[in-house]
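Given next are the chains, with one letter for each unit.
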Amino acid sequence: GQYMKRVLALALIAVFMSQPLQAQAAPTVASVQRDVDRLRTLAAEKYEAANEATIRIRALQKETGALEQREAIIQGELTVIGKVLAKIAISEYQGSGFGRTFELLFSSDPTQYLSDASVLDGVSKGYAKQLREFAATKQRVQATQLVLADRTSQLIAEKKRLDREINEAKAALVKAEKLLKSLSKADRERLLREEAARENKILSDSKGYAASYKGDNTRGSIALKFALAQIGDIYVWAAAGPTRWDCSGLTMRAFQKAGVSLPHSSRVQVKYGKSIAYSNLKPGDLLFFGKPISHVSIYMGGGKMVQAPRPGKKVEVVPLTKMFGRKPFVAARRL
């Protein structure tokens, strides 16, 4: 019985070994297209996060510069008061030898020393005033230096965050390119043909929608007309015209045309204007998508919106839905 079992097992192994190993299935054109679109969208998300980091860096740099100037001014005031104190102390020393008042120059906490009534009795009111000013100015210097150190560390952290977001965006685009190269030449060419045909159809439809929009002289309408005039321009991260745009660069310039100043970040733009319900949208309203926010477009009316979506695409008009790809609609703002 044991012998027969071994023979049967060996026979099964032989049959298994004789079967050709199944090659790993080659990626299909459709699966590569889906993955490439997903990676390019991810890159756009990372780039929008980088836009926000850039704005925070500029604000911190401005604040740091102001703090450095403030510190220099206060240090100057401290020097002047210190010289006055030195003159008074020398004068007292020459008049009456070393007294307790001379110790004020070497006190780490002049205010505490001044709280001693016996010392105050022996010090003129002017001298006491100078010492209080010295102590208060010294505290202002120290407080400014603490805030400056805090802002500097925040600045370093934001710069690291910016580098990380940009590197992750670039990595996603490199991965997308590798996926395209993994296809056979014929499949790759077919994918590119299909993608071009799809984009040309979107471009043609977008131009038609843009030509049909009349609008008025409201801010939203002026901004919308500007955005629609950019149909067909390519997406480039951090670009804000004249012929290249990212999503928040397009909305920033569009509303600049209408006299409204916006920052170059969808995550910051959402803080401007007033909140509008999805059911009350009007042409010219800004639409925000993603958690956290990573995309902004402009409502056109008729269930359409104009946008600069992601790498590999152009400024276009597309249907508005509660989900833009995997990104949920999160807010609308009227400026």
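The shown structure was predicted, so the numbers you read here are calculated from the model rather than taken from an experiment. (Residues numbered from 1 in each chain as written. Predicted model: local features only at pLDDT ≥ 70, side-chain atom pairs only at ≥ 80, totals over all residues. Heavy atoms only, no water.)

> Teacher, can you tell me more about the nonpolar core here?
Nonpolar side chains in soluble globular proteins tend to end up buried together. If you look at the biggest cluster of nonpolar residues, it comprises 46 residues, and the most contacted ones within it are L228, I231, F255, L286, I298 and V306. When residues of this core are traced back to their parent elements, those giving at least two are helix 2 (29-96), helix 5 (125-182), helix 6 (185-212), helix 7 (219-228), helix 8 (247-257), strand 4 (286-289) and strand 5 (295-301). By residue number, the principal contributor to this core is helix 2, which donates seven residues. Core analysis: the second largest hydrophobic core is formed by ten residues, L287, F289, Y299 and A332 among them. (Core = buried A, V, L, I, M, F, W, Y, C linked by side-chain atoms within 4.5 Å. Buried < 20%, exposed > 50% of the residue type's maximum accessible area, 1.4 Å probe, protein only. Helix = DSSP H or I, 4+ residues; strand = E, 2+ residues; numbered from the N terminus.)

> Would you take a moment to explain the pairing of strand 5 for this structure?
Taking burial as the measure, the seven residues of strand 5 include seven buried ones, the bulk of the element. Looking at chain direction, strand 4 and strand 5 are connected through four bridges and run antiparallel. Each residue of the ladder has a partner; that of L286, found in strand 5, is I298. In this antiparallel pair of consecutive strands, strand 4 and strand 5, the connection spans five residues, and G290 shows a positive phi of 100 degrees. Across three bridges, the pairing between strand 5 and strand 6 (residues 304-307) is antiparallel. Bridge pairing in strand 6 links Y299 to M305. Linkage of strand 5 to strand 6, two consecutive antiparallel strands, is achieved through a turn of two residues, within which G302 is found at a positive phi near 65 degrees. (Pairing = 2+ DSSP bridges.)

> I would appreciate a short explanation of unusual backbone geometry in the present structure.
Excluding glycine, most residues fall at negative phi; most peptide bonds, likewise, are trans. With omega at 0 degrees, the peptide bond leading from G241 into P242 counts as cis. P292 follows K291 through a cis peptide bond whose omega is 0 degrees. Checked against the element boundaries, P292 lands in the loop between strand 4 and strand 5.

> What is the right way to read the side chain of D285 from this model?
Inspection of the secondary structure puts D285 in the loop between strand 3 (274-275) and strand 4. Looking at D285, the relative accessible area reads 2%, which means it is buried. A distance of 2.9 Å separates polar atoms of two side chains, one belonging to D285 and the other to R334. Apart from residues no more than four positions distant in its own chain, D285 is found in contact with I276, N280, S297, I298, Y299, R333 and R334. (Polar contact = N/O pair within 3.5 Å; in protein donor to acceptor, adjacent residues only side chain to side chain. Contact = heavy atoms within 4.5 Å.)

> Can you walk me through the pairing of strand 9 (residues 327-334) in this structure?
Taken residue by residue, a regular strand's side chains alternate between the two faces of the sheet. The pairing of strand 3 with strand 9 spans two bridges and is classified as antiparallel. Bridging from a neighbouring strand, K274 pairs with R334 of strand 9. Across four bridges, the pairing between strand 4 and strand 9 is antiparallel. Looking at strand 9, one finds that L287 is bridged to A332. Where strand 8 (residues 323-324) lies against strand 9, two bridges are found, and the strand directions are antiparallel.

> Help me understand the pattern of salt bridges in this model?
Pairing of side chains with opposite charge becomes possible as their charged atoms draw close. In total, this model carries 19 salt bridges according to the counting rule given. Between E63 and R151 there is a salt bridge whose closest N-O contact spans 2.7 Å. Placement of E63 in helix 2 and of R151 in helix 5 is noted, with a sequence separation of 88 residues between them. What makes R151 buried here is its relative accessible area of 19%. Between D285 and R334 there is a salt bridge; the shortest N-O distance is 2.9 Å. (Salt bridge = Lys/Arg side-chain N within 4 Å of Asp/Glu carboxyl O.)

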